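Notes for the structure review
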Amino acid sequence: MEDNEWNHYDPLLLTDVSFQQQQTISTRLSPENESFERNSLQFDDPIVKNLVDGRSILGYSMNSPDLVICGGSPDIAGMTYCDSPEISKSKNCFNASMELSLENGINASEVEVCNVHKTPTVKFSNLCQTIEPEEELISPEASFELHPPPITNDESPRDYSLRDNEMLEDARVSQEAELECSEDVEDIGVEEKFLKLKRDFECQRKELAVTRRELGELKRENQQKSSECQEALKSLKELQNELMRKSMHVGSLAFAIEGQVKEKSKWFISLRDLTRKLKIMKMEHMKLLEEAEAYKKYEADISELGLIIKSKMNEQLASHEDLKSKYIEGAKVQKELYNKVLELRGNIRVFCRCRPLNAEEIKGGAAMALDFDSAREGELTVMSNGSPKKTFKFDAVFGPQVEQADIFEDTVPFATSVLDGYNVCIFAYGQTGTGKTFTMEGTEDARGVNFRTLEKMFDIIKERQSLNRYDISVSVLEVYNEQIRDLLVSGNHPGMSGKRLEIRQSGEGMHIPGLVEAHVNNMNEVWEVLQTGSNARAVSSTNANEHSSRSHCIHCVMVKGENLLNGEHTRSKLWLVDLAGSERVAKTEVQGGDSKTLMFVQISPNENDLGETICSLNFASRVRGIELGPPKKQWDTIELLKHKQMV
Ligand SMILES: Nc1ncnc2c1ncn2[C@@H]1O[C@H](COP(=O)(O)OP(=O)(O)OP(=O)(O)O)[C@@H](O)[C@H]1O
């Protein structure tokens, strides 16, 4: 232990009892010790006196929870740190440092004040210093005992001393008396000697009596002092125990203080970090305040700008509403004008189309019986024997070389009319094999009117999607032997018993209850429906050509429209009809209605078919001359009723 470490001992907690002093006390008091000095227990001995005065040093190490008994400190008069057991050890002294374990401590049972058979003992455990010159280690269980002088019930240690002195004195007196007697025998007579001896005896007996009285007094005094010493020793032990308890308490407090100090240092570090963070936050706060000040300056400008924007927005909204109403009105006028144009052109329009000569006809040397020189003006001349026989005028005349796409250009306005809410009927009429199916259905490489009309309708729907919403569904049916067959219902073959479909005329126009309506959203779905109908028509007969020439194929496209601007609802239908061969159709049965109608009159260029061609052209001319009433827009009466109720 270094000198400076001794400074860690609180002087107030130290009690001066060096180990050397303890050892000395033990050595002097132990009755087993051969060098026991029977009368050496003197309470005025400086060592014992220190112990009795409570000056023994009980220290508490800052790096150990145990109590330490150590040498004196400079704070106590007459003591120095040189008395420290550690320092003493370095000087090969018999000093030692002892620690009193807090666990073992000293209890009342271990410190007793007894008679000669019971030795008052203070046990010191965890000894950590040597006490022998040979530097043998003392085990932690070693104990050091404070032995009081052996006493009996009737004698104190002082009594022993007095008695021994008295006996020695008696021997010395008797020896001297013997010497004197031997001399007197020589010089004086026997009688005189006897008298002298008698006087001496008497004298000595008196002295002996006096001495015995004094001895008795001394014994009593000795007993009294001895009991006082015992009391003092007992008090001393109690004080020592109290001191031990206090020291241990102080030790635990020191422990607690040490913990608090550690805790405090942790809190101090945390506080330092928090202070640093607070500083940063304060700086950020200042920065934000500056920014807030800057924003405040802009606030007035922003609010002023907001007012300007708001007024502009109101103006724009008013302008938008005005434009919207104007647009609705304009669209309405446009539709009416468009419809007017169609009306001026005629609600029944007739296009004449002539197929080319087929390979067989060319091979057979068939001659052309038609002249298409004036086709651009819608005129067709029938030739007979090389000279013009009759000229027919139609809305359009298409020669054998005209492509499908060119045909459809003039058909587009009808698709627009359907989406505007008008019923439209496009049908092909003509002799068998003149191209009715080709014109209406077409092929995969050369799509016909059906596909192109629907394709055009979906294009227009896409263009109008921001203003209008449409719902399209398609039905495909066949009229064969005056029976209606739904071509979208599988297994519905002609002649088979099934649900009988009938055409009914209602306020909304022609209507077939129970007909399948396939909802379509795009042209892929349209094509699937068209193919389904076409295939059903083909597989239902053993002779496809004969069957097609005897049956009517009808596609009905149902359109539900909603104007998103004004909430207007419309319902309209597009009829796409591929009629049976004209030679099978009773001419008088053809009826037009209130819809816009486009008729394709299909003819053959073959001179051999001239008779049937002229019949078809005559019929078409009559159809063209029919005046239909003005087409009515097909309002959705149910939706109209709803709106009326809402209003
Ligand atoms: N404009 C045309 N260009 C090329 N080929 C044509 C044209 N018109 C018709 N054809 C061909 O003539 C043949 C007969 O046509 P299609 O079957 O369309 O006649 P149709 O009038 O429908 O007969 P049906 O009354 O028996 O049903 C087909 O092979 C078709 O490809």
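All of these numbers come straight from a predicted model, not from anything done at the bench. (Residues numbered from 1 in each chain as written. Predicted model: local features only at pLDDT ≥ 70, side-chain atom pairs only at ≥ 80, totals over all residues.)

Now for the overall build of the chain. Along the backbone of the chain there are 15 helices and 19 strands. Considering only residue pairs separated by 6 or more positions, the chain has 71% of its internal contacts joining residues 24 or more positions apart. (Helix = DSSP H or I, 4+ residues; strand = E, 2+ residues; numbered from the N terminus. Contact = placed C-beta atoms within 7 Å.)

A few words now on the environment of His552. Mapping His552 onto the fold places it in strand 17 (residues 552-563). Residues His552 and Tyr480, 72 residues apart in the sequence, show an inter-C-alpha distance of 6.5 Å. Sequence-distant contacts of His552, that is, excluding residues within four places in its chain, are made with Glu478, Val479, Val577, Asp578, Leu579 and Ala580.

What follows covers the nonpolar core. Note that soluble globular proteins tend to have their nonpolar side chains buried in a common cluster. Ranked by internal contacts, the top residues of the largest apolar core, which has 55 residues, are Cys352, Phe394, Val418 and Val601. In contact with Cys352, not counting residues within four places along its chain, are Leu380, Phe394, Val397, Phe398, Val601, Ile603 and Ala620. (Core = buried A, V, L, I, M, F, W, Y, C linked by C-beta atoms within 7 Å. Buried ≥ 20, exposed ≤ 12 C-beta atoms within 10 Å, placed from the backbone.)

A word on the sheet that holds strand 7 (residues 370-371). Taken in spatial order, the 3 strands make up an open sheet running 7-8-9, and their pairing is antiparallel. The sheet terminates laterally at strand 7 and strand 9 (387-393), the two strands that pair on one side only. Taken together, the 2 bridges between strand 7 and strand 8 (residues 379-384) define a ladder with antiparallel strand orientation. Bridged to Leu370 within strand 8 is Val382. (Pairing = 2+ DSSP bridges.)

Given 3.6 residues per helical turn, the α-helix brings residues three or four places apart onto the same face. In this model helix 11 (residues 449-463) runs 21 Å from its N-terminal to its C-terminal C-alpha over 15 residues, within 8% of the 21 Å that 1.5 Å per residue would give. Residues of helix 11 that are buried include every one of Val449, Asn450, Phe451, Thr453, Leu454 and Met457, and no others. (Expected span 1.5 Å × (residues − 1).)

This paragraph deals with the pairing of strand 18 (residues 569-578). The element strand 18 is extensively covered by neighbouring structure, given that 7 of its 10 residues are classed as buried. With 5 bridges connecting them, strand 11 (residues 424-430) and strand 18 associate as parallel partners. Residue pairing across strands places Ile426 opposite Leu576, the latter belonging to strand 18. Looking at chain direction, strand 17 and strand 18 are connected through 10 bridges and run antiparallel.

A few words on the pairing of strand 8. As paired strands, strand 8 and strand 9 are joined by 6 bridges and run antiparallel to one another. Counted as the bridge partner of Thr381 is Thr391 from strand 9. The turn joining strand 8 and strand 9, which pair antiparallel and follow one another in sequence, is formed by 2 residues; a positive phi near 55° is taken by Asn385.

The subject of this paragraph is helix 14 (residues 610-625). Between its first and last C-alpha atoms helix 14 spans 22 Å; for 16 residues at 1.5 Å apiece the expected length is 22 Å, and the two agree. Among the residues of helix 14, Thr613, Ser616, Leu617 and Ala620 are the ones counted as buried. Down the axis of helix 14, the sector holding all buried residues measures 100°, keeping them to one side. With respect to the buried face of helix 14, the exposed residues turned more than 90 degrees away are Gly611, Arg622 and Gly625. Where helix 14 is buried, its residues meet strand 6 (348-354), strand 9, strand 11 and strand 19 (596-603). (Arc of directions from axis to C-beta.)

For the rest of this paragraph, the subject is the confidence of the model for the chain. Overall, the predicted model of the chain reaches an average pLDDT of 73, with 61% of residues at or above 70. In the predicted structure, residues 1-45 sits below a pLDDT of 50 and forms 99 contacts with residues beyond four places in sequence or in another chain. This stretch, residues 587-591, has a pLDDT under 50; its non-local contacts, to residues over four places away or in other chains, come to 2 contacts. Scored as a whole, the predicted complex attains pTM 0.52, and scored at its interfaces, ipTM 0.98. (pLDDT = per-residue confidence, 0-100.)

Relative placement of two packed helices is described by the angle separating their axes and the distance separating the axes. Put simply, helix 9 (residues 412-419) and helix 11 touch, their axes get as near as 9 Å, and they point 55° apart. Accordingly, the angle class assigned to the pair helix 9 and helix 11 is oblique. Remark: the crossing between helix 9 and helix 11 carries right-handed chirality. Touching Val412, Phe414, Ala415, Thr416, Val418 and Leu419 of helix 9 are Thr453, Lys456, Met457, Ile460 and Ile461, all from helix 11. (Axes fitted to C-alpha atoms, helices over the stretch in contact; angles between N-to-C directions. Parallel < 35°, antiparallel > 145°, perpendicular 65-115°, else oblique. Left-handed = near helix turned anticlockwise from the far one by under 90°.)

What follows is about unusual backbone geometry. Phi at Asn385 is positive, roughly 55°, even though this residue is not glycine. Tracing the backbone shows Asn385 in the loop between strand 8 and strand 9.

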